[in-house]
Amino acid sequence: APSLAPSLAPSLAPSEAPSEAPTEPTTGAPTEAPTEVPTEYITVKTQLDGTSIAKRLLFDISAQKDVTIESFKIHIGNRLRLDQFTRGVQVWTKSGTHVGFETSRRGTWKRLPMAAFKNEGPGEYTDIDFHWRLKLSPRFDPSDLEIDAGSTRAFYFIFAKGFYATEGTAVGNPCSESNEYIVIKEGTVLSSPRTIDDSWVGLWNGAVVLTETGSD
């Protein structure tokens, strides 16, 4: 007679245990963000004791290393009030020396975009910065603020109210403090846009703030 019972009893246990333990998550430390090196600004000064007033002064800067001009400082003293921002300082520049180009800006000189400033008073340098928004203009050429090692760039400061300068000895004589980046030189004073004042040599009372190009 046929058997009514199943031929094999069902197995309740699993056939095999898992062959491997589950993989544990990686516990490595997160990668640290790179540390940014702060920009090093170098300030090179001339003098601060001048008693003569110039309204137009041209001078040369020669570079010993590749540098970029970041801003300027001038001595205005009591020529302006101390509690208000003022515009009016023009700064022009050209590649090479200013000598031979004193009385004509057409085609050779470029005007730099300068911001408003606040006079710091007698015995103090006043910061003259570039206008950050105008520096973004397509017409602004960053190379106008760069001086390669071994080359010279001229600067022409104009301010109707005047700024302080010292009577120098000869155009082109070094007048900046000792440093490894640039040499600021004594320059030419103009009594009008087309007239050189031969009665004195202008030693610009100011400072140049710069960075070493490519140092970052």
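For the structure itself, consult the block above.
Residues numbered from 1 in each chain as written. Predicted model: local features only at pLDDT ≥ 70, side-chain atom pairs only at ≥ 80, totals over all residues. Heavy atoms only, no water.

Undergrad: Could you give an account of the pattern of salt bridges, naming the residues involved and the relevant values?
TA: Overall, the coordinates contain four salt bridges when judged by the stated rule. The residue aspartate 127 makes a salt bridge to lysine 73 at a minimum N-O spacing of 2.4 Å. Note that aspartate 127 is positioned in strand 8 (residues 126–129) and lysine 73 in strand 3 (residues 67–74), a separation of 54 residues in sequence. A relative accessible area of 35% places aspartate 127 in the partly exposed class. The buried category is assigned to lysine 73, whose relative accessible area is 18%. Close ionic contact of aspartate 141 with lysine 110 constitutes a salt bridge, the shortest N to O distance being 4.0 Å. Of the two residues, aspartate 141 sits in the loop between helix 1 (132–135) and strand 9 (146–147) while lysine 110 sits in strand 6 (residues 110–111), which places them 31 residues apart along the sequence. On the basis of relative accessible area, aspartate 141 is assigned to the partly exposed category, the value being 30%. (Salt bridge = Lys/Arg side-chain N within 4 Å of Asp/Glu carboxyl O. Helix = DSSP H or I, 4+ residues; strand = E, 2+ residues; numbered from the N terminus. Buried < 20%, exposed > 50% of the residue type's maximum accessible area, 1.4 Å probe, protein only.)

Undergrad: Give me the pairing of strand 1 (residues 42–45): which residues, what numbers.
TA: On any regular strand, side chains alternate: one points to one face of the sheet, the next to the other face. On strand 1, burial follows the alternation: Ile42 and Val44 on one face are buried, whereas Thr43 and Lys45 on the facing-out side are not. Bridge analysis of strand 1 against strand 14 (residues 206–212) gives four bridges, and the strand direction is antiparallel. Paired with lysine 45 across the bridge in strand 14 is alanine 207. (Pairing = 2+ DSSP bridges.)

Undergrad: Lay out the packing of aromatic side chains with the relevant residues and their values.
TA: Under the defined criterion, the tally for this structure stands at eleven aromatic pairs. Here phenylalanine 59 and phenylalanine 157 contribute two aromatic rings whose centre-to-centre distance is 5.8 Å and whose plane-to-plane angle is 15 degrees, an arrangement assigned as stacked. Highlighted residues: phenylalanine 59 in strand 2 (residues 52–63) and phenylalanine 157 in strand 10 (residues 152–167), separated in sequence by 98 residues. On the basis of relative accessibility, which here comes to 0%, the residue phenylalanine 157 falls in the buried class. Arranged with centres 6.4 Å apart and planes meeting at 70 degrees, the rings of phenylalanine 157 and phenylalanine 163 form a pair that is edge-to-face. Across the pair, phenylalanine 163 and phenylalanine 157 agree in class, each one buried. By the ring-pair criterion, three or more aromatic residues cluster together here, those being Phe59, Phe72, Phe130, Phe155, Phe157, Phe163 and Trp204. Between the NZ or CZ atom of lysine 94 and the centre of the ring of phenylalanine 101, over which it lies, the distance is 4.2 Å. (Phe/Tyr/Trp six-rings, centres within 6.5 Å; stacked < 30°, edge-to-face > 60°. Lys NZ or Arg CZ within 6 Å of the ring centre and 35° of its normal.)

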